[in-house]
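# Structural overview for review
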Amino acid sequence: MDRRSLLKSLQSGLVASAASVVLPSVVFAAEKKDKRPIALLLPLTGPRARLGLSMRQAALLAENNAYVQSFDTGGTAAGAAAAAAKAIKLKPALILGPLSADEVPAVSSTIAGRVPVIAFSNDSVLRAPGTWIFGITAGQVTTAILRYARTRGVKTVTMIDDGSPWSAAAALAAGKSEGELGITVTILQVKPGQPLPNPGEAPDAVLLPGSGETVLAAARALKDTGIQLLGTFQGLDNRPTALAALEGAWLASPDPNAFGTFASAFQARNGGDPGTIAALAYDAAGIANTLRADNRLGIEGLMDAKGFHGVTGPVRFRTDGSVARDFAIVVAGPTGYTPVASSSGS
């Protein structure tokens, strides 16, 4: 997979074998393996079927097909509730999904805490005990990039808010980080097609949590000012003109090297390029696989303080349904993005 395809994919986002040993007079029986299925709740029909099928393919790269039972949500709350009702009859060890924010409450209410739910939504408001929000949230990446920037001496940050829900969530996270990190954050609201407002006294850094021309316009405007540009993984852009504008910017992202390994394996088996959301399904199924191998498949295993390593970054599950996630910090250069550090998100 070439570098351009890898970055395009990232924007969209080993099982140890054991042999039984027989000694002359004693036979040690292998520990009974947990064979309960995991239920995968995804939109396999409807407008988001293509994404749902890609996620299913990714999950099957990480977990034995014999243990995965897929249920079609159709991408609707009613469909998700029906899928959850069917899944619970199989007595699964974990439920992976659903995908959208509209579907999560329907699944949570149907399951009623009987099975741990790892949802792929990135709406952190939907977290609850027994339902974990596994999608990459604005709060996670915003906290990660600000935490790294603070270690590099950044004390004042101006954040550009383009009015999108993602940007609003990032602004909220940035505000909450001020006291913890010892930084001052100023929010500037902008509208598409209009020039950036004057931020007043020059900050140490400007944070743009979005993507596209808004990020590139700001990058060009800041090019020779000495102000550090901060961003998140949505802003990854491998076009030569974009790299020229973004050179020197710091961005919080899943590690491109780890993602590249996953993307190559996915492409070899299924063809096509997976996105970050498919990588989430791969990681969630990989967690199930790890817990199954350790005979800890369930809520106690999920709450392991050591957490789990995945393509989208190391994660730790909290009792309130939130997920702590670590990110790579990458620096934009003339030929691409180079990982230089790691940083913890909220």
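Read on for an overview of the structure. (Residues numbered from 1 in each chain as written. Predicted model: local features only at pLDDT ≥ 70, side-chain atom pairs only at ≥ 80, totals over all residues. Heavy atoms only, no water.)

## Observations regarding the pattern of salt bridges
Applied cut-off: Salt bridge, as used here: a side-chain nitrogen of Lys or Arg that lies within 4 Å of a carboxyl oxygen of Asp or Glu. Each helix is a run of H or I in the DSSP string that is no shorter than four residues. Each strand is a run of E no shorter than two, and both are numbered from the N terminus.
Taken as a whole, this structure holds 10 salt bridges when the rule is applied. With a shortest N-O distance of 3.6 Å, Asp294 and Arg296 are connected by a salt bridge. One salt bridge in this structure joins Asp326 and Arg316, with 3.4 Å as the shortest N-O distance. Taken together, the residues Asp326 in strand S12 (residues 323-333) and Arg316 in strand S11 (residues 315-317) connect sequence positions 10 residues apart. Each of the salt bridges in this network shares a partner with another, and the network as a whole consists of Asp294, Arg296, Asp304 and Lys306.

## Some thoughts on the pairing of S12
On a regular strand, each side chain points to the face opposite its neighbour's, so the side chains alternate between the two faces of the sheet. Counted only if it meets this: Think of it in three bands: with a 1.4 Å probe and only protein chains considered, a residue is buried below 20% of the maximum accessible area for its type, exposed above 50%, and partly exposed in between. By this definition, two strands are paired if DSSP reports at least two bridges between them.
Most of S12 is tucked away, with 10 of its 11 residues classed as buried. In the sheet, strand S10 (residues 250-253) pairs with S12 via 4 bridges, with the strands oriented antiparallel. Among the inter-strand pairings, Leu251 is bridged to a residue of S12, identified as Val330. Taken together, S11 and the strand that follows it, S12, pair antiparallel across an intervening segment of 5 residues, in which Gly321 is found at a positive phi of about 95°.

## Observations concerning the nonpolar core
Generally speaking, a soluble globular protein has its nonpolar side chains buried in company with each other. Selection rule: Take the buried residues of types Ala, Val, Leu, Ile, Met, Phe, Trp, Tyr and Cys, join any two whose side-chain atoms come within 4.5 Å, and each joined set is a nonpolar core. Either an automatic procedure or a domain database provided the assignment from which the domain bounds are taken. Every residue pair with non-hydrogen atoms within 4.5 Å of one another is taken to be in contact.
Among the nonpolar cores identified, the biggest contains 78 residues, and Leu96, Phe120, Phe134, Leu146 and Phe317 are the most heavily contacted of them. When residues of this core are sorted by domain, at least three fall in each of domain 1 (38-135 + 257-311) and domain 2 (138-253 + 328-343). In contact with Phe317, not counting residues within four places along its chain, are Ile118, Trp132, Phe134, Ile287, Leu302, Met303, Phe308, Ser322 and Val323. Grouped together as the second largest cluster of nonpolar side chains are 13 residues, Phe71, Ala80, Ile95 and Val117 included.

## With respect to unusual backbone geometry
Cis geometry is found at the peptide bond from Gly97 to Pro98, where omega equals 5°. Checked against the element boundaries, Pro98 lands in the loop between strand S3 (94-96) and helix H4 (104-111). Of note, Lys91 is a non-glycine position whose phi angle comes to about 55°, a positive value. Along the chain, Lys91 falls in the loop between helix H3 (77-88) and S3. The phi angle at Asn295 is positive, at roughly 55°, despite the residue not being glycine. One can find Asn295 in the loop between helix H10 (276-293) and helix H11 (299-302). For Asn295, a relative accessible area of 27% corresponds to the partly exposed category.

## Observations regarding the sheet that holds strand S4 (residues 117-119)
Strand-to-strand pairing in sheets goes through backbone hydrogen bonds, with the strands running parallel or antiparallel. Which entries qualify depends on this criterion: Here the axes come from fitting lines to C-alpha atoms, over the contacting stretch only for helices, and the angles between their N-to-C directions go from 0 to 180 degrees.
Strand order in the open sheet formed by 5 strands is S2-S1-S3-S4-S5, and the pairing between neighbours is parallel. The sheet is open, and its two edges are formed by strand S2 (68-72) and strand S5 (131-133), each paired on a single side. Strand after strand, the sheet turns through a mean of 20° between neighbouring axes, direction not considered. With respect to the sheet, helix H2 (residues 49-62) is in contact with strand S1 (38-42) and S2, its orientation differing from that of S1 by roughly 160°. Packed on one face of the sheet, H10 meets S1, S3 and S4 and runs near 165° to S3.

## Re the packing of helix H5 (residues 138-151) against helix H6 (residues 165-181)
To keep things clear, this is the line we draw: Oblique is the label for every angle not falling under 35 degrees (roughly parallel), over 145 degrees (roughly antiparallel), or within 65 to 115 degrees (roughly perpendicular). Handedness of each helix crossing follows the sense of rotation of the near helix against the far helix: counterclockwise by less than a right angle gives left-handed, clockwise gives right-handed. When residues are grouped by polarity, Ala, Val, Leu, Ile, Met, Phe, Trp, Tyr, Cys and Pro land in nonpolar, Asp, Glu, Lys and Arg in charged, and all others, Gly among them, in polar.
Orientation of H5 relative to H6, taken along the N-to-C sense of each, is 40°, at an axis distance of 8 Å. Of the possible angle classes, the one that applies to H5 and H6 is oblique. Handedness of the crossing formed by H5 with H6: right-handed. Contacts between H5 and H6 involve Ala138, Gly139, Val141, Thr142, Thr143, Leu146, Arg147 and Arg150 on the former and, on the latter, Trp166, Ala169, Ala170, Ala173, Ala174, Ser177, Glu180 and Leu181. Taken together, the residues of the contact of H5 with H6 break down into 9 nonpolar, 4 polar and 3 charged.

## Here's the deal with H2
Helical geometry note: an α-helix holds 3.6 residues per turn, so side chains three or four residues apart project in the same direction. To keep it simple, the criterion reads: In a helix, the anticipated span is given by 1.5 Å times the number of residues less one.
Between the first and last C-alpha of H2 there are 20 Å, a value that for 14 residues agrees with the 20 Å anticipated at 1.5 Å per step. Along H2, the residues that are buried comprise Ala49, Gly52, Ser54, Met55, Ala58, Ala59, Leu60 and Ala62. As for H2, its buried residues are in contact with S1, S2, helix H9 (256-270) and H10.

## Digging into the environment of Arg220
How we decide: What qualifies as a polar contact is a pair of N or O atoms within 3.5 Å, subject to a donor-acceptor requirement within protein and to the restriction that residues adjacent in sequence count only when both atoms come from side chains.
Counting through the fold element by element, Arg220 comes out in helix H7 (residues 213-222). Taking the C-alpha atoms as reference points, Arg220 and Leu246, separated by 26 residues in sequence, lie 7.7 Å from one another. With sequence-adjacent residues up to four places away left out, Arg220 is seen in contact with Glu213 and Ala245. Side chain to side chain, Arg220 and Glu213 meet in a polar contact 2.9 Å long.

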